[in-house]
Amino acid sequence: MRGRVLAPVAAAALAFTGIAAHQAPDAAAEPGGWTLPQLTVSNGVITDVTGRTVLLRGTNVNQLNDYAQNDQPLPTAAPLDHTDFEQMATLGFNVVRLNLAWSALEPTPGAFDQAYLARIHTAVNDAKANGIYTVLDMHQDAWGKAVGTPKGQGCPIFMKPGIGWDGAPAWATLTDGWTTCNFGGVRETAPAVARSFQNFYDDTQGIQGHLVNTWAKLAAEFKDEPAIAGYDLLNEPNPGLRDPFSAADQLGKYYQRVIAAIRQAEHGSAPHLAIFEPSAIWSALGIDATPPAKYITDPLAVFSPHLYSESINIVNAFPSIELGFKIGLDAAAKYKAPLWTGEWGWFGDPSSDAPKVDRFIDQLNANRVGGTWWSWKQACGDPHSVRDGNTNKAQGNLNRIDCPSGVPLGLAPGYARPVSRAYPRAVPGTLSTVTATGFTGTGTGRVEAWYPGTARPNVQSSNVSDLTLTQVEGGWQLIGTTVGSYSIKQS
């Protein structure tokens, strides 16, 4: 990211307070910039290998996803290049959840598409150059592209035609002839989706084994990359045709199998986080049966429900934002694993939603956890737009796009402000408290924190030496060295 020279007045003020002023480095890899050591898990907390607690906060990026075209001419995903990551850095983000498509990775049985892999490498490198980790997310919605109802085909009474989404390749879509129509336009209610998932869990024709092998190839490709935060093993999996507890059991067996394959592929290298989710029911209700702990024994496992309380949950008021976090934390404790929410967000009027977004950030702080907003950009032909009949309306909730022209409209201030709030990115040892005005902890080493805005933050510290504030695009980078019990507060 590009740096800006401090104004002379600000520089003088920094000198007076004893905090050094520096021009931002031209590249994140230069000394003094953000650092991205390999991540791990210690005592139920995401940490890095230097012993720092790390809060991973950022956004989902769906621009490499392979969405169904759905008989319409508009692009289904926006282009992705280095400027996206540079703009994310101006919001203080330190992680992206990069949505990937099995259909693009393995377009034919046994294939591993090198051109798609090269695009993933480029994205990971661009993120890294801007001080941003990458979570590789095996994304799917309603199983895949091939579960849309063919044009002109009728539906049974009380059902509606479905559209294609993303995820599995057509050759791995085993519907057994069940209808692709759904109830009330809800994608997960299509019998073909449930049947396809059940065949996946049952490993019919070895399709689960194909995804496991694809994950192993992907893990082998990135096993020596510390800027890969981890692997999100399957986005919002449908329960298939089983009751909630049997569904959770079969999901747990898949997680056990795929984690084992990833660890074998990473052999000889430091392992990455294994991020696992409950079923899609959690995203709708804010609670669900979870996979039995006997299947999730990996020491780097991270529990990742999608927390849409007071947003798109079926019952908007339940659970509340605060209760949603408690439910998620209680579930994570069953595995002795960290909580990290891979998706959260609001999709209405930014000005009226902003207080809820602030409450959500308050809970991230209070519970000392992270998450990724859904989403960075949404193209005009994205299946969400097609389903809702909105392909001629502006799309996206954070970084808006005019439709159908595709012209960028820029960040929505009502959402950009709260998601870019100050936070400690990485702190030595134990992170004890995080509030809107500062943080405390206990440990010795390098601390890194983000502060938004053009005005230099007025910070007071205790037991922090060599503390510097560097102005970067969008805000300020704080770096220092802590010893013992420390605090950094902003007034």
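Values in this document were obtained by computation on a predicted structure and should not be read as measured data. (Residues numbered from 1 in each chain as written. Predicted model: local features only at pLDDT ≥ 70, side-chain atom pairs only at ≥ 80, totals over all residues. Heavy atoms only, no water.)

**Some words on the packing of helix H4 (residues 114-129) against helix H6 (residues 207-222)**
Here H4 crosses H6 at 45 degrees, and the two axes come no closer than 12 Å. On the basis of the axis angle, H4 is oblique to H6. Read as a crossing pair, H4 and H6 show a hand that is right-handed. Here Leu-117, Ile-120, His-121 and Val-124 of H4 lie close against H6, whose contacting residues are Leu-218, Glu-221 and Phe-222. Here the residues of the contact of H4 with H6 sort into 5 nonpolar, 1 polar and 1 charged. (Axes fitted to C-alpha atoms, helices over the stretch in contact; angles between N-to-C directions. Helix = DSSP H or I, 4+ residues; strand = E, 2+ residues; numbered from the N terminus. Parallel < 35°, antiparallel > 145°, perpendicular 65-115°, else oblique. Left-handed = near helix turned anticlockwise from the far one by under 90°. Contact = heavy atoms within 4.5 Å. Nonpolar A, V, L, I, M, F, W, Y, C, P; charged D, E, K, R; others polar.)

**Side note on the nonpolar core**
Nonpolar side chains tend to gather and get buried jointly when the protein is soluble and globular. Counting residues in each nonpolar core, the largest one holds 85 residues, and the members touching the most others are Ile-120, Leu-136, Trp-215, Leu-218 and Tyr-254. Excluding anything up to four places from it in sequence, Tyr-254 contacts Phe-200, Gln-208, Leu-211, Val-212, Trp-215, Leu-233 and Leu-234. With 21 residues, the next largest nonpolar core counts Trp-34, Val-427, Val-464 and Ile-488 among its residues. (Core = buried A, V, L, I, M, F, W, Y, C linked by side-chain atoms within 4.5 Å. Buried < 20%, exposed > 50% of the residue type's maximum accessible area, 1.4 Å probe, protein only.)

**Here we look at the confidence of the model for the protein chain**
For the protein chain, the average pLDDT comes to 92, and 93% of its residues sit at 70 or higher. Contacts from residues 1-32, a stretch scored under 50 in pLDDT, to residues over four places away or in other chains number 62 contacts. (pLDDT = per-residue confidence, 0-100.)

**Concerning the packing of aromatic side chains**
Using the criterion set out here, one finds 21 aromatic pairs in the structure. Taking 6.2 Å as the distance between ring centres and 45 degrees as the angle between the ring planes, the aromatic pair formed by Tyr-308 and Phe-347 counts as tilted. Residue Tyr-308 is found in the loop between strand E10 (301-303) and helix H9 (321-335), and its partner Phe-347 is found in the loop between strand E11 (340-344) and helix H10 (350-366); the two are separated by 39 residues along the sequence. Under the relative-accessibility criterion, Tyr-308 is labelled buried at 3%. Plain terms: the ring middles of Trp-344 and Phe-360 are 4.1 Å apart, the flat faces sit at 5 degrees to each other, and that makes the pair stacked. With Trp-344 in strand E11 and Phe-360 in helix H10, this pair connects stretches of sequence that are 16 residues apart. (Phe/Tyr/Trp six-rings, centres within 6.5 Å; stacked < 30°, edge-to-face > 60°.)

**Let's talk about the environment of Asp-249**
Structurally, the position occupied by Asp-249 is in helix H7 (residues 244-265). For the pair formed by Asp-249 and Ala-146, sequence separation is 103 residues and the distance between their alpha carbons is 26 Å. Residues in contact with Asp-249, not counting those within four places in the same chain, are Pro-292, Lys-294 and Tyr-295.

**Overview of the pattern of salt bridges**
As enumerated under the stated definition, the model contains 25 salt bridges in all. Between Glu-322 and Arg-359 there is a salt bridge; the shortest N-O distance is 2.8 Å. Remark: Arg-359 occurs in helix H10 and Glu-322 occurs in helix H9; sequence separation between them is 37 residues. What makes Arg-359 partly exposed here is its relative accessible area of 28%. (Salt bridge = Lys/Arg side-chain N within 4 Å of Asp/Glu carboxyl O.)

**Side note on H7**
Over its 22 residues, H7 extends 32 Å from the first C-alpha to the last, a length consistent with the 32 Å expected when each residue adds 1.5 Å. In this structure Asp-243 caps H7, since a side-chain oxygen of it lies 3.0 Å from the backbone nitrogen of Phe-245. (Expected span 1.5 Å × (residues − 1). Polar contact = N/O pair within 3.5 Å; in protein donor to acceptor, adjacent residues only side chain to side chain.)

**Digging into unusual backbone geometry**
The omega torsion across Phe-318 and Pro-319 is -10 degrees, close enough to zero to call that bond cis. Inspection of the secondary structure puts Pro-319 in the loop between E10 and H9. For Asp-203, which is not glycine, the phi torsion reads 55 degrees and is therefore positive. Along the polypeptide, Asp-203 turns up in the loop between helix H5 (191-201) and H6. Asp-203 sits in the partly exposed class, given a relative accessible area of 25%.

**Remarks on the sheet that holds strand E9 (residues 273-276)**
Pairing is parallel across the open sheet formed by 8 strands, whose spatial order is E10-E9-E8-E7-E6-E5-E12-E11. Here the strands that pair on one side only, and so sit at the sheet edges, are E10 and E11. Neighbour-to-neighbour, the strand axes of this sheet turn through a mean angle of 25 degrees, independent of strand direction. Summarising the sheet, strand E5 (residues 57-61) and strand E6 (residues 95-101) pair through 4 bridges and their orientation is parallel. (Pairing = 2+ DSSP bridges.)

**Points about a nonpolar patch on the surface**
On the surface, Leu-285, Ile-287, Ile-314, Val-315, Phe-318 and Leu-323 cluster together into a nonpolar patch covering about 550 Å² of accessible area. Tracing the backbone through its elements, the reader meets Val-315 in the loop between E10 and H9. (Patch = residues over 30% accessible without salt bridge, like charges linked within 9 Å, V, L, I, M, F, W, Y side chains within 5 Å. Areas by Shrake-Rupley, 256 points an atom, 1.4 Å probe, with all protein chains shown as cover.)

**Overview of H10**
For an α-helix the count is 3.6 residues per turn, leaving residues at separations of three or four pointing the same way. Helix length check: H10 (17 residues) gives 23 Å between terminal C-alpha atoms against 24 Å at 1.5 Å per residue, within 8%. Every buried residue of H10 is listed here: Asp-353, Ala-354, Val-357, Asp-358, Phe-360, Ile-361, Gln-363, Leu-364 and Asn-365. Among the structural elements, E5, H9, E11, strand E12 (370-373), helix H12 (413-419) and strand E16 (430-435) are those in contact with the buried residues of H10. Two residues or fewer past H10, Arg-368 is found with a positive phi of approximately 55 degrees.

**Thoughts on the pairing of strand E17 (residues 438-442)**
Of all 5 residues making up E17, 4 are buried, and the element is well covered by its neighbours. Pairing between E16 and E17: 5 bridges, direction antiparallel. Bridge pairing in E17 places Thr-430 opposite Thr-442. Connecting the antiparallel pair E16 and E17 is a turn made up of 2 residues. For E17 and strand E20 (residues 475-490), the ladder comprises 5 bridges, and the chain directions are antiparallel.

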